[in-house]
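For reference, the chains in residue letters:
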Amino acid sequence: MSVQELPGATAYRPTPPPAWQPRTDPAPLLPDPEPYRVLGTQAAGAVDPELLRRLYRELVRGRRYNTQATALTKQGRLAVYPSSTGQEACEVAAALALEERDWLFPSYRDTLAAVARGLDPVQALTLLRGDWHTGYDPREHRIAPLCTPLATQLPHAVGLAHAARLKGDDVVALAMVGDGGTSEGDFHEALNFAAVWQAPVVFLVQNNGFAISVPLAKQTAAPSLAHKAVGYGMPGRLVDGNDAAAVHEVLADAVARARRGGGPTLIEAVTYRIDAHTNADDATRYRGESEVETWRAHDPIRLLERELTERGLIDDDGVKAAADAAETMAATLRERMNADPVLDPMDLFEHVYAEQTGQLREQAAQLRAELDAEGETR
């Protein structure tokens, strides 16, 4: 007997559904057809000259940081280093677009963003050296741990941003990810929750052309990664990732929008990874040198230096001062990284839980006894 045949049941009579209407007008959410640019355009004249000079100094320092860290891997001082050479504009702009109270959620390639935000250069390399999972206090610096698993930092950023809003804190989270990370489920989940909750979070996708060796065309058929935003109900922005002024402006606008309660934004910065994926990668197996040289001509430092020079905002002394400061930083980094770290095996049990479990206390006591016994036999 069906439900309709039950005594007293009202016969089911289907009615036409109401006319379908989109929940959100998609037009304002769509990115521009071309990446937004500032340098070399009339818009550059409206940018604060001191901001341009600061961006330049940080780009030069960042490039030297990348080359020095790469050299440290060849010397055995680092286990691995994922260079961001060519992407420095994204890294620096992300750090400078945030207020001190905001949070940065970096990926494993974003050591430069952490350093530009004020993190000790050595502490930023501690994970890649293999000493600690995180070589700094995330709460002190408002920088989440450098994230090696792809895209897992994105839901974390959404959670923190949502919690901050519920508490009434005036905080924005900026989450960085590569184009490869957009193929992960965490990317979908983070954007969906962020849009539904209208969380104050900004997603910065550094589209550097390859997910290790997989080109973007084999990852997605979307017109751009920024176009994915409309499917979640948030604005998508497309920007020239080698134009430091443009990236900073787009990020700063998105951060301000999130702080006002406007919700999340997805930003795709079109850039290029000049170096290999890491020092363990052979990039010549999947791309040609001519492609790399084409992008070298669109180098973020050259673009900004040309703008500053043509407008009389920097001279030879200014260029030299930036290079000298970067070299001083690299020399200090070399010296400090050449010193062997002093590690305490008992640190294995620290920072696992706020309060150690009984099992951890038991394991710690066992290790302490073994260490004491070993010390007595020496």
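The notes below deal with the structure included here. Bear in mind the structure is a predicted one, so any value in this text is a computation, not a measurement. Residue positions within a chain follow its written sequence, with the count starting from 1. Note on the predicted model: pLDDT of at least 70 is required for a residue's local features to be given, and 80 or more for side-chain atom pairs to be given and counted; whole-chain, interface and lining totals, by contrast, use all residues. Only hydrogens and water are set aside; all other atoms, that is, all heavy atoms of the structure, feed into the side-chain values.

**Here's the deal with the packing of helix α2 (residues 88–96) against helix α8 (residues 244–259)**
Consideration 1: Their axes nearest at 9 Å, the elements α2 and α8 cross at an angle of 35°. In this structure, the crossing between α2 and α8 has a hand that is right-handed. Across the interface between the two elements, A89, C90, A93, A94 and L96 of α2 pack against A244, V247, H248 and L251 of α8.
Consideration 2: Only Asp, Glu, Lys and Arg are considered charged, only Ala, Val, Leu, Ile, Met, Phe, Trp, Tyr, Cys and Pro nonpolar, and every remaining residue, Gly among them, polar. Looking at the contact of α2 with α8 residue by residue, the class counts come to eight nonpolar, one polar and no charged. All axes are obtained by fitting lines to C-alpha atoms, using only the stretch in contact for helices, and the reported angles, taken between N-to-C directions, cover 0 to 180 degrees. Each helix corresponds to a stretch of at least 4 residues labelled H or I by DSSP, and each strand to a stretch of at least 2 residues labelled E; elements are numbered beginning at the N terminus. Whether a crossing is left-handed or right-handed is set by the direction in which the near helix is turned from the far one by less than a right angle, anticlockwise for left-handed and clockwise for right-handed. In what follows, a contact means two residues having at least one pair of non-hydrogen atoms within 4.5 Å.

**A word on the packing of aromatic side chains**
The relation between two aromatic rings is expressed through the spacing of the ring centres and the mutual angle of the planes.
Consideration 1: Ring pairs shown here join Phe, Tyr and Trp side chains whose ring centres sit within 6.5 Å, with only the six-membered ring taken for Trp; geometry is labelled stacked below 30 degrees between planes, edge-to-face above 60, and tilted in between. Under the defined criterion, the tally for this structure stands at five aromatic pairs.
Consideration 2: On the basis of an interplanar angle of 35° and a centroid distance of 4.8 Å, the ring pair of F193 and W197 is categorised as tilted. With F193 and W197 both in helix α7 (residues 185–197) and four residues apart, the pair spans about one turn of that helix.
Consideration 3: Given the relative accessible area of 43%, F193 is considered partly exposed.
Consideration 4: Three labels apply to residues, based on accessible area from a 1.4 Å probe with only protein chains included: buried if under 20% of the type maximum, exposed if over 50%, partly exposed otherwise in between. Residue classification places W197 among the partly exposed positions, given a relative accessible area of 31%.
Consideration 5: A centroid spacing of 6.5 Å and a plane angle of 75° characterise the contact between F210 and Y272, whose relative ring orientation is edge-to-face. Taken together, the positions of F210 in strand β4 (residues 210–211) and Y272 in the loop between β7 (265–270) and α9 (289–296) put the pair 62 residues apart, joining distant regions of the chain.
Consideration 6: On the basis of relative accessible area, F210 is assigned to the buried category, the value being 9%.
Consideration 7: Using a relative accessible area of 3% as the deciding quantity, one classes Y272 as buried.
Consideration 8: Taken together, the aromatic side chains of F210, Y272, Y286 and W295 make up a single cluster linked through ring pairs.

By themselves, these figures tell us nothing about what the structure is for.
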